[in-house]
Amino acid sequence: MRANKLRQVIKDRNHASNAWLSVPSSYSAELVAHCGFDAVTVDLQHGMIDFGQALTMLQAISSTQAVPLVRPESSDPVQIMRLLDAGAYGVICPQVDDAAIARAVVGACKYPPAGDRSFGPSRGLLYGGPDYFSHANNEVLVFVMIESKKAVRNLDSILAVPGIDGILIGPNDLSLTYGGTPGSEPEGEAADAIEFVRSQAAGRQLLTGIFCADGAMARRRIDQGFQLVTPGNDAAILKNGCLQQLSHLAGTAVSNQSGGY
Ligand code: 3PY
Ligand code: MG
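Residues numbered from 1 in each chain as written. Chains lettered and ligands numbered in written order. Predicted model: local features only at pLDDT ≥ 70, side-chain atom pairs only at ≥ 80, totals over all residues. Heavy atoms only, no water.

Considerations on the coordination of the magnesium ion (ligand 2)
Heads up, the condition is: The rule for donors is simple: N, O or S, within 2.8 Å of the metal, or within 3.2 Å if the metal is Na, K or Ca. Water isn't counted, so a site may look like it is missing partners. A helix here means a DSSP run of H or I that spans at least four residues, while a strand means a run of E at least two residues long, and both kinds are numbered starting from the N terminus.
Only Glu147 (OE) and Asp173 (OD) from the protein coordinate the magnesium ion (ligand 2), and they sit 2.1 Å from it. Here Glu147, found in the loop between β5 (141–146) and α8 (149–153), pairs with Asp173, found in helix α10 (residues 171–177); they are 26 residues apart in sequence, far enough to count as distant.

Section: the packing of aromatic side chains
Under the convention used in this document: Pairs were defined over the aromatic rings of Phe, Tyr and Trp, the Trp ring being its six-membered one, requiring ring centres within 6.5 Å. Orientation was assigned from the angle between planes: stacked under 30 degrees, edge-to-face over 60, tilted for the rest. To sort residues, take the accessible area from a 1.4 Å probe on protein chains only and compare it with the maximum for the residue type: under 20% means buried, over 50% means exposed, and anything in between is partly exposed. By definition, being over a ring means that NZ of Lys or CZ of Arg is both within 6 Å of the ring centre and within 35 degrees of the ring normal.
Scanning all chains against the criterion turns up six aromatic pairs. Ring centres of Tyr111 and Phe119 lie 6.0 Å apart, and the angle between their planes is 50°; on these two criteria the pair is classed as tilted. Owing to a relative accessible area of 2%, Tyr111 belongs among the buried residues under this scheme. The structure contains a cluster of three or more aromatic residues connected by ring pairs, namely Trp20, Phe211 and Tyr261. Taking NZ or CZ as reference, Arg82 lies 4.0 Å from the ring centre of Phe51, over its face.

Here's the deal with the site of ligand 1
Operational definition: Note on terminology: near, applied to a residue and a molecule or strand, indicates that one of the residue's heavy atoms is within 4 Å of it. Any pair of nitrogen or oxygen atoms within 3.5 Å is treated as a polar contact; in protein, a donor-acceptor pairing is required on top of that, and neighbouring residues in sequence qualify only through side-chain atoms on both sides. In these tables, accessible area is a Shrake-Rupley quantity obtained with a 1.4 Å probe, and a residue counts as shielded only by the protein chains included in the view. Each residue receives one of three labels: charged for Asp, Glu, Lys and Arg, nonpolar for Ala, Val, Leu, Ile, Met, Phe, Trp, Tyr, Cys and Pro, and polar for the others, Gly being one of them.
Taken together, Trp20, Arg71, Met145, Glu147, Gly170, Pro171, Asn172, Asp173, Phe211 and Tyr261 are the residues near ligand 1. Taking Asn172, its main chain carries an N or O atom lying 2.8 Å from an oxygen atom of ligand 1. Within the side chain of Tyr261, a nitrogen or oxygen atom sits 2.3 Å from an oxygen atom of ligand 1. Surface burial for ligand 1 is 99%, taken as the share of its 230 Å² of free accessible area covered by protein chains. Sort the elements by how many residues they give to the shell around ligand 1 and α10 lands first, with three residues. The residue makeup of the shell around ligand 1, split by class, is five nonpolar, two polar and three charged.

Structure follows, in structure tokens:
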């Protein structure tokens, strides 16, 4: 099976870049993946993307060196299994607030006896190779998103679930549950929670990821010790690029408060 390079990249360089796609287009997926990101995530939770579109985007990403990842709409095992069959090499599951959800996510990602993923790897066989079944349980990465006060309270039991490879923090949702505003850098309790989650996960040798508003924030998160960083999503980058060009015409400054969206 084609190796999942993401873990090795992080071992070699201590961090990896992860693009985030919300625009339902195989062309823009291909374009972003050609930029040199280590991984590219197709976001079905908040992106305007359905399964058929995700399939063509995963095909586009796999024409490059970037590792194809997905964020499913939820922890629904049916959708997770289908996205893996479509060739995703990792799942970043949103809103994993307790250990039961974490166990369900791991179960959907692993063939028995480790889990209850149903057999029918389809495009996994094409991208991964004919021995996909024998190695998929080890190569497919399972990230759980920690993005609420409840998840932070349940962190210890979530991180103890066997089969989790890493966590990814959603700072916008996390902030909301601490009474903050999405779109601005988390402060106070929410900022403390981010560092707490990172250090607890790192202490268990789990990979640590976080969504960021932009590249400058992603650089700060790397300096803080995060290993997988996302410098905003495609739509935000496109919008900011357009606003920047218009601001040159108007001679005004651009202000962006969208939190990477
Ligand atoms: C969040 O910040 O809540 C996210 O889920 C980022 O995508
Ligand atoms: Mg979120």
